[in-house]
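Coordinates in review
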Amino acid sequence: MAYDKFTILKSTAVPLPIENVDTDQIIPARFLKATKREGFGDNLFRDWRYNGDDTPKQDFVLNNPIYSGKILVGGHNFGSGSSREHAAWAIYDYGFRCVVSSFFADIFKGNSLNIGILPVQVSAAFLDKIFLAIEADPNAELEVNLPDQKIIILSTGESESFDINGYKKHNLMNGFDDIDYLQAMKNEIREFETERIY
């Protein structure tokens, strides 16, 4: 399944300065029955977003209209807990294309990269600067430059580099998942097969 190509993303951001956000908080287990990737965004952070009677909790950030954008900024150790792919699906389906944190759980990070979400890991100090910039101005924008592997706080000009696996970077920039990557190489694969000596 192909995804949006990711090169440079300039967007406002939604702040979630909570540490140890686990996958059961991102998408509660009772919503894991579906096997298609669509529709999970409705239940992203379900128990934090809604009361028992399904009315929105006014104090949760996703219900605050002053915050919006394609970038979610989370606290340290984002995506810990179980390995459910649905957590990444819910974030993507809601409309986020990038998650920023000072640390990601490895499995969540891999699941995100596999479906077109860029997890940007920054230092704790730079994460604090991002939160402060958003607190000062909810319309403050971040620029995430995947080719240069750099994230910039546009209101201050401060920036920091981030790491990413070269294969995953290639796939994100081309909108590929693993199967798309192989399909894009099918001519080379055929050529290899014709030249192979058994």
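Scroll up to find the structure this text is about.
For the structure given in this document, a descriptive report is provided here. (Residues numbered from 1 in each chain as written. Predicted model: local features only at pLDDT ≥ 70, side-chain atom pairs only at ≥ 80, totals over all residues. Heavy atoms only, no water.)

1. Brief notes about the pairing of strand β3 (residues 98–101)
Taken residue by residue, a regular strand's side chains alternate between the two faces of the sheet. Both faces of β3 are covered, namely the face carrying Cys98 and Val100 and the face carrying Val99 and Ser101. Where strand β2 (residues 71–74) lies against β3, 3 bridges are found, and the strand directions are parallel. Directly across from Val73, in β3, lies its bridge partner Val100. In this region the chain leaves β2, passes through helix α3 (residues 86–94) and returns to the parallel neighbour β3; the handedness of that crossover is right-handed. Bridge analysis of β3 against strand β4 (residues 118–121) gives 4 bridges, and the strand direction is parallel. Within the sheet, the bridge partner assigned to Ser101 lies in β4 and is Gln121. For the crossover that starts at β3, traverses helix α4 (residues 106–114) and ends in the parallel β4, the hand is right-handed. (Buried < 20%, exposed > 50% of the residue type's maximum accessible area, 1.4 Å probe, protein only. Helix = DSSP H or I, 4+ residues; strand = E, 2+ residues; numbered from the N terminus. Pairing = 2+ DSSP bridges. Right-handed = clockwise from strand over helix to strand, strands pointing away.)

2. Brief notes about the nonpolar core
Counting residues in each nonpolar core, the largest one holds 27 residues, and the members touching the most others are Ile26, Phe45, Phe78 and Ile91. Looking at this core, the elements with two or more residues in it are β1 (8–16) and α3. Among the elements that take part in this core, α3 stands out by supplying 6 residues, more than any other. Apart from the residues lying within four places of it in its own chain, the contact partners of Phe78 are Leu16, Val21, Ile26, Phe45, Leu72, Ile91, Val99, Ser101, Phe103, Phe104, Ala105 and Phe108. If you look at the next biggest cluster of nonpolar residues, it comprises 25 residues, including Leu9, Ala13, Val122 and Ile130. (Core = buried A, V, L, I, M, F, W, Y, C linked by side-chain atoms within 4.5 Å. Contact = heavy atoms within 4.5 Å.)

3. Re the pairing of strand β7 (residues 158–161)
In this sheet, β7 lies alongside strand β6 (residues 150–153) in antiparallel orientation, the contact comprising 4 bridges. Bridge assignment links Ile152 to a residue of β7, and that residue is Ser159. Two successive antiparallel strands, β6 and β7, enclose a turn made up of 4 residues, where Gly157 displays a positive phi of approximately 80°.

4. Some points on the sheet that holds β1
As summarised here, the arrangement of the 7 strands in space is β4-β3-β2-β1-β5-β6-β7, forming an open sheet in which the pairing is mixed. Looking at strand neighbours, the two that pair on one side only are β4 and β7, the edges of this open sheet. Between one strand and the next, the sheet's axes are offset by a mean angle of 30°, whatever the strand orientation. (Axes fitted to C-alpha atoms, helices over the stretch in contact; angles between N-to-C directions.)

5. Examining the packing of aromatic side chains
The full count for this structure, using the stated rule, is 8 aromatic pairs. Ring geometry for Tyr94 and Phe96: centres 5.3 Å apart, planes at 25°, overall stacked. For Tyr94, a relative accessible area of 33% corresponds to the partly exposed category. On the accessibility criterion, Phe96 (0% relative accessible area) is buried. Ring pairing ties together the aromatic residues Phe45, Trp48 and Phe60, which thus form one cluster. The ring of Tyr50 has Arg46 sitting right over it, with the charged end atom 4.3 Å from the ring centre. (Phe/Tyr/Trp six-rings, centres within 6.5 Å; stacked < 30°, edge-to-face > 60°. Lys NZ or Arg CZ within 6 Å of the ring centre and 35° of its normal.)

6. Digging into the packing of α3 against α4
Running from N to C, α3 and α4 cross one another at 45°; their axes reach a closest spacing of 8 Å. Viewed along their axes, α3 and α4 adopt a mutual orientation that is oblique. Handedness of the α3/α4 crossing: right-handed. On the side of α3, the interface is formed by Ala87, Ala88 and Ile91, while α4 contributes Phe108, Asn111 and Ser112. (Parallel < 35°, antiparallel > 145°, perpendicular 65-115°, else oblique. Left-handed = near helix turned anticlockwise from the far one by under 90°.)

That's the geometry; what it means functionally is another story.
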